[in-house]
Amino acid sequence: MTTINNKFTLFESDIDDFQKDGYIVLRDFLSDDFIEHVKEISNKSVEIPSTNYGSNFNRFKYDVGNNDPIILELIKDKFFRKTLTLLTKQKLFFLQGLAFELKKNKDKGFPWHVGTQSFGCQNKNDFGYTMWVPFCNINPNKQKGGMKYISKEKLSGEFLYQYINLLPDSLKSMKNNGKEIDYEYFHHVKNDIINSKEISKVLDYHAQEDYFSPRDVI
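Summarised in this report is the structure supplied together with it. Given the structure is predicted, the values throughout are model-derived calculations rather than measurements. (Residues numbered from 1 in each chain as written. Predicted model: local features only at pLDDT ≥ 70, side-chain atom pairs only at ≥ 80, totals over all residues. Heavy atoms only, no water.)

Structural notes on the pattern of salt bridges
Pairs can form between side chains of opposite charge whenever their charged atoms are close.
Stage number 1. Scanning all chains against the criterion turns up 8 salt bridges.
Stage number 2. The partner of lysine 20 in a salt bridge is aspartate 21, with the nearest N and O atoms 2.7 Å apart.
Stage number 3. Lysine 20 sits in the partly exposed class, given a relative accessible area of 34%.
Stage number 4. Note that glutamate 40 and lysine 44 form a salt bridge whose closest N and O atoms lie 3.2 Å from each other. (Salt bridge = Lys/Arg side-chain N within 4 Å of Asp/Glu carboxyl O. Buried < 20%, exposed > 50% of the residue type's maximum accessible area, 1.4 Å probe, protein only.)

Below, the structure written as structure tokens:
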């Protein structure tokens, strides 16, 4: 199976933009065959959330395709490896797959967030990135379901890691003084700092939102 589009070209401007912004859209990077394969294993794996975490999605699942031979074939592909190491200027290893599904006209997806939970297995200053792969065409002028993002040059998410590191001691103190600390309250103080009505309006104004086809990745 062909996993990647070997005609794809990474330009110096792409590398510069990724280093500046913290994200980049790679057009027609993957093959149709690979997309169909990953879509199939994702559809078989995703589940209805059984806890509050993931309730923004209709179905989702961590560790999708971690040992799948086709995905491992992609990771071993020399062109794939060269493209990503040139882009990120880092030595890389694959950690895990994640698949999620939004139900049309029902699920809103994740609000504004920084990946403190998905990247909770590493130190704050360690490098890490997510490669997001859509399984359908997305036109932000006609539908939602894509991604909005803000350049780290405008606003870095590092402050949220610093803020979250302050929470345990303050919440423990509040609990010792009789305050009931449940998941709903923790979720509120952890996430609503960037999802208040005032701040989210500012983020929406400065956000970039692109169209996607299934062969693209961000």
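What follows picks up the thread again.
Some words on the packing of helix H5 (residues 158-176) against helix H6 (residues 183-191)
Stage number 1. Interhelical geometry of H5 versus H6 gives an angle of 145° and a closest axis separation of 10 Å. H6 is crossed by H5, and the crossing has right-handed handedness. Counting all contacts with H5, which are made through Leu160, Tyr163, Ile164, Leu167, Leu171 and Met174, the residues of H6 involved are Tyr185, Phe186, Val189 and Lys190.
Stage number 2. Grouping the constituent residues of the contact of H5 with H6 by class yields 9 nonpolar, no polar and 1 charged. (Axes fitted to C-alpha atoms, helices over the stretch in contact; angles between N-to-C directions. Helix = DSSP H or I, 4+ residues; strand = E, 2+ residues; numbered from the N terminus. Left-handed = near helix turned anticlockwise from the far one by under 90°. Contact = heavy atoms within 4.5 Å. Nonpolar A, V, L, I, M, F, W, Y, C, P; charged D, E, K, R; others polar.)

Points about the nonpolar core
Stage number 1. Leu26, Phe29, Leu30 and Phe34 are the most contacted members of the largest nonpolar core, which totals 20 residues.
Stage number 2. Secondary structure elements with two or more residues in this core: helix H1 (12-21), helix H2 (32-45), helix H3 (69-76) and helix H4 (78-88).
Stage number 3. With 4 residues, the top contributor of residues to this core is H2.
Stage number 4. Setting aside its immediate chain neighbours within four residues, leucine 26 contacts Phe8, Leu10, Leu87, Arg215, Asp216 and Val217. (Core = buried A, V, L, I, M, F, W, Y, C linked by side-chain atoms within 4.5 Å.)

Concerning H6
Stage number 1. When H6 is considered as a whole, its buried residues turn out to be Val189, Lys190 and Asn191.
Stage number 2. Looking at the buried positions of H6, the neighbouring elements they touch are H5.

Some thoughts on the side chain of aspartate 210
Stage number 1. On the secondary structure map, aspartate 210 appears in the segment after strand E4 (208-209).
Stage number 2. Lacking a salt bridge, the buried aspartate 210 has arginine 27 as its closest oppositely charged neighbour, with an N-O distance of 4.3 Å.
Stage number 3. For aspartate 210, the side chain forms a polar contact with the side chain of tyrosine 149, separated by 2.4 Å.
Stage number 4. Of note is the side chain of aspartate 210, whose polar atom sits 2.9 Å from the side chain of glutamine 208.
Stage number 5. Apart from the residues lying within four places of it in its own chain, the contact partners of aspartate 210 are Val25, Arg27, Pro140, Met147 and Tyr149. (Lys, Arg positive; Asp, Glu negative; His and termini not counted. Polar contact = N/O pair within 3.5 Å; in protein donor to acceptor, adjacent residues only side chain to side chain.)

Details of a nonpolar patch on the surface
Stage number 1. A cluster of nonpolar side chains, contributed by Leu98, Phe100 and Leu102, occupies part of the molecular surface with about 230 Å² of accessible area.
Stage number 2. Within the secondary structure layout, leucine 98 lies in strand E2 (residues 98-101).
Stage number 3. What makes leucine 98 partly exposed here is its relative accessible area of 43%. (Patch = residues over 30% accessible without salt bridge, like charges linked within 9 Å, V, L, I, M, F, W, Y side chains within 5 Å. Areas by Shrake-Rupley, 256 points an atom, 1.4 Å probe, with all protein chains shown as cover.)

Topic: unusual backbone geometry
Stage number 1. With a phi angle near 55°, aspartate 28 is a residue other than glycine that sits in the positive phi range.
Stage number 2. The residue aspartate 28 is located in the loop between H1 and H2 in this model.
Stage number 3. Assessed through its relative accessible area of 32%, aspartate 28 is described here as partly exposed.
Stage number 4. A positive phi angle, close to 60°, is found at lysine 89, a residue other than glycine.
Stage number 5. Within the secondary structure layout, lysine 89 lies in the loop between H4 and E2.

Observations concerning the environment of cysteine 121
Stage number 1. Tracing the chain through its elements places cysteine 121 in the loop between E2 and strand E3 (148-149).
Stage number 2. The class of cysteine 121 is exposed, set by a relative accessible area of 56%.
Stage number 3. With 65 residues separating them in the primary sequence, cysteine 121 and asparagine 56 have C-alpha atoms 22 Å apart.

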